[in-house]
Structures are given as structure tokens and as C-alpha cells.
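# Commentary on secondary and tertiary structure
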Amino acid sequence: MSTSKTVNNNPVVLQVEGLKTYFETRWGTVKAVDGVSFDLKKGETLGIVGESGCGKSTTAKMLLMLEDPTEGTIRYQGKDIQNATSDERRAYRSSVQAVFQDPWSSLNPRMRVRDIIAEPMVINLNLSRSEMQDRVAKLLDDVGLSSYHANLYPHEFSGGQRQRLAIARALSVEPRVIVLDEPVSALDVSIRAQIMNLLKDLQQEYNVSYLLIAHHLATVRYMCDWVAVMYLGQIVEFGPTRELFENASHPYTKALMNAALPSHPDIEQEEMILTGEVPSPLNPPEGCHFHPRCPFVIAQCSTEVPEVREIAPGHVVSCHLY
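Scoring rules and cut-offs
- Residues numbered from 1 in each chain as written.
- Predicted model: local features only at pLDDT ≥ 70, side-chain atom pairs only at ≥ 80, totals over all residues.
- Heavy atoms only, no water.
- Pairing = 2+ DSSP bridges.
- Helix = DSSP H or I, 4+ residues; strand = E, 2+ residues; numbered from the N terminus.
- Contact = heavy atoms within 4.5 Å.
- Axes fitted to C-alpha atoms, helices over the stretch in contact; angles between N-to-C directions.
- Disulfide = S-S within 2.5 Å.
- Buried < 20%, exposed > 50% of the residue type's maximum accessible area, 1.4 Å probe, protein only.
- 1 Å grid on protein atoms, 1.4 Å probe; cavity = no way out; pocket = protein on both sides within 12 Å on 5 of 7 lines; lining within 4 Å.
- Points joined across faces, edges and corners; volume = space filled by probe spheres on them.
- Nonpolar A, V, L, I, M, F, W, Y, C, P; charged D, E, K, R; others polar.
- Polar contact = N/O pair within 3.5 Å; in protein donor to acceptor, adjacent residues only side chain to side chain.

The protein chain goes by Oligopeptide transport ATP-binding protein AppF in an unreviewed UniProt entry, where it is assigned to Geodia barretti.

So this is what it looks like as C-alpha cells:
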């Protein structure tokens, strides 16, 4: 699904076209990601939402070069990273960092905080020891911690503080893109807003782009400029956040919105209950992948792949109803 139509002139940092990842198993071929396309622009946040197993995290792993795509291209600042030189791939890895869901498992418990934050700088930047110390102190201050925290170990911090450390480490090499894989879902509700506000403030300061992988729609609505809705390895709807939330068009997107609690108890929502289970990526349905569960299914849904149509500026949907 092509989602390259946008409504502003910010330069594209990361461009994904026709990305596919298939895994061979003893039972057949798993189509984890099946033709995903999108642009991520400078200083903006793109959220990818969908049920577990829809391909969100696999897409993130490909962008982080932790998985090799079966087909498709990933372009960083116009360069195809699959065909890049070893030096260009190394520069890409430095420019695209990650913050993962569980800050406890992503931080080395045997390293002090100063070494955890400085490690990417040692590998990727040519800085003196004093320069790295100064940078570690600034990063700790930027994420709401103090310089004395540099001598402590991860187990001496709360979950929210550990996520702040993970954010500081990701920012240490001045990346252009940070992949946020469920960055607040493992935190207490009272801490989530603090971390989201911190991420938005740091985005303004560092002019960094975020790719947010999430399932909590309130987080996506607050954090993102753009939203891509994934179902069974494909993007079924893409658009500016406000437009998509106010005018959700794909039946699957409507079902996701309906399943979330309203922002106010007086808001009435149309009841929409999906039947059946998510089909297996080993044998996805013909035509529209969503048709076995869709309450608005028509005859051609089971035989024809729907075209991508722009229904508002930047808002595209893959559905026969349009």
C-alpha cells in the first residue's frame, strides 16, 4: 500500500516501499509483512497500530536492520540501505536508534549508567573522555535525571527512570530517527504521560523523527502526526492523526476505535463487534485480508485486492467500499 501522498513539505528521512518479510517454517511460508509502504518525515512521528501479530514489530526490526526484508526497499535520505556500502550501513545504524518496551531487559544490569549511555558514543563517535562525560551529564539532564545518577546501576532506578535512561542512550549519537517500540506500555499509568511529554519535548529539541509502534490508541493520538493501521501484514489505512481519528474509514480501523474507551463517558459510540479470529499469516485470505471478519463485506472482497484510494488530503484507505 503506497502512502507517499502527504500534505506538507518536510523532507523525507526514511522511505519504505513494498516491504515484505516472509519466514519459511515446516508448515509453510509465514507472510509476516506483506507489502508495506510509507514515508517518515523530518521531525514528525508516525504511529503504526494494529492487533498483536499484524507485523508492527517485524517492520520495526527491518528498519533497525535486525531482520532482512524478503522484498522491497528501505531508503534513508534517498539511499537504498540494502545496497549500501559497509560504511553507509554503519552510519545508518547510528542514525536510526531504538527505545524498547521493557527498559529492564534492554539495559545491561552489570554496567553503570555512564557506561550504558556512553557505549554508543564509543562505537560511533570520535570523542574524548571528557567530551563523553559532558555529553552523558547533558543527556541525563535532558531526560529529567541528574549527573550523580551516572554512577548508579539500572536496578537502582524505577521503571520510568529506566525508560528515561534508554531514551538518553538512544539520543547519545544524535540520531535522525528513533524507533519507539511500545515505549510506555510497560509503565504505570501515572508515569506514561510524563514519558510521552518528555519524548515530545526531546523531539522538538533534537529535531528527531519517531516511528511509534503501539496498540494503545490514546498514546498514538497524543504522540503522532501520522497513523498507519496494519492488519495481517498490510497497511489498510493511513492518514494525518486528527483526520484518521475523526474520519476512520476502513472497517478494521473503525473496529479498533470502537474497542477503545471513549475520551469522555458521555460520548456515545456505534457498537461494532468483529467476529472470528485473526487469520493465520501462513494462509492469509484471498482478496482483502479482512473480509472474513468484516461486517460490511461484499462479493468482490473475497476475490479482488482493494485499490488504495485517497479520500482526503494525505488520507488513504484500501477498501472496496470506497
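From this point, the narrative continues.
On to the sheet that holds strand β4 (residues 71–76), then. Across the sheet, which stays open at both edges, the 4 strands sit in the order β2-β1-β4-β5 with antiparallel pairing between neighbours. If you trace the sheet from one side to the other, it starts and ends with β2 (28–41) and β5 (79–80), each paired once. Two elements, strand β1 (residues 12–25) and β2, share 11 bridges in a ladder whose sense is antiparallel. Bridge pairing in β2 places K20 opposite D34. With respect to the sheet, helix α1 (residues 56–63) is in contact with β1, β2 and β4, its orientation differing from that of β1 by roughly 115 degrees.

Attention now goes to the state of the cysteines. Formally, a disulfide is one covalent bond, and it connects the sulfur atom of one cysteine to the sulfur atom of another. Per the counting criterion, the structure on display carries 0 disulfides. No disulfide involves C224; its nearest neighbouring cysteine sulfur is the one of C54, lying 14 Å away. The exposure class assigned to C224 is buried, which follows from its relative accessible area of 7%. With no disulfide of its own, C319 lies closest to C294 among cysteine sulfurs, the gap being 6.3 Å.

Moving on, we come to the layout of surface pockets. For the second largest pocket, the calculated volume is near 430 Å³. If you trace the second largest pocket, you find 15 residues lining it, with R93, Q97, A98, P120 and R169 closest to the centre. Only β6 (96–99), α4 (113–124) and α6 (159–171) provide two or more residues apiece to the lining of the second largest pocket. Considering only residue class, the lining of the second largest pocket consists of 9 nonpolar, 3 polar and 3 charged.

Turning to its location among the elements, H149 is positioned in the loop between α5 (129–142) and α6. The exposure class assigned to H149 is buried, which follows from its relative accessible area of 8%. Among all residues touching H149, those that are not within four sequence positions of it are V113 and F157. Only 2.9 Å separates the side chain of H149 from the backbone nitrogen of S146, close enough to count as a polar contact. Only 3.4 Å separates the side chain of H149 from the side chain of Y148, close enough to count as a polar contact.

As summarised here, the arrangement of the 8 strands in space is β6-β7-β8-β3-β9-β10-β12-β11, forming an open sheet in which the pairing is mixed. The strands lining the two open edges of the sheet, one partner per strand, are β6 and β11 (308–312). Taking each pair of neighbouring strands and ignoring which way they run, the sheet shows an average axis angle of 20 degrees. One ladder, built from 4 bridges, connects strand β3 (residues 45–49) with strand β9 (residues 226–231); its direction is parallel. Each residue of the ladder has a partner; that of L46, found in β9, is W226. Most of the contacts of helix α2 (residues 86–95) go to β6, to which it runs at about 35 degrees, and overall it touches β6 and β7 (177–181). Relative to β6, α6 is tilted by about 175 degrees, and along the sheet it contacts β6 and β7.

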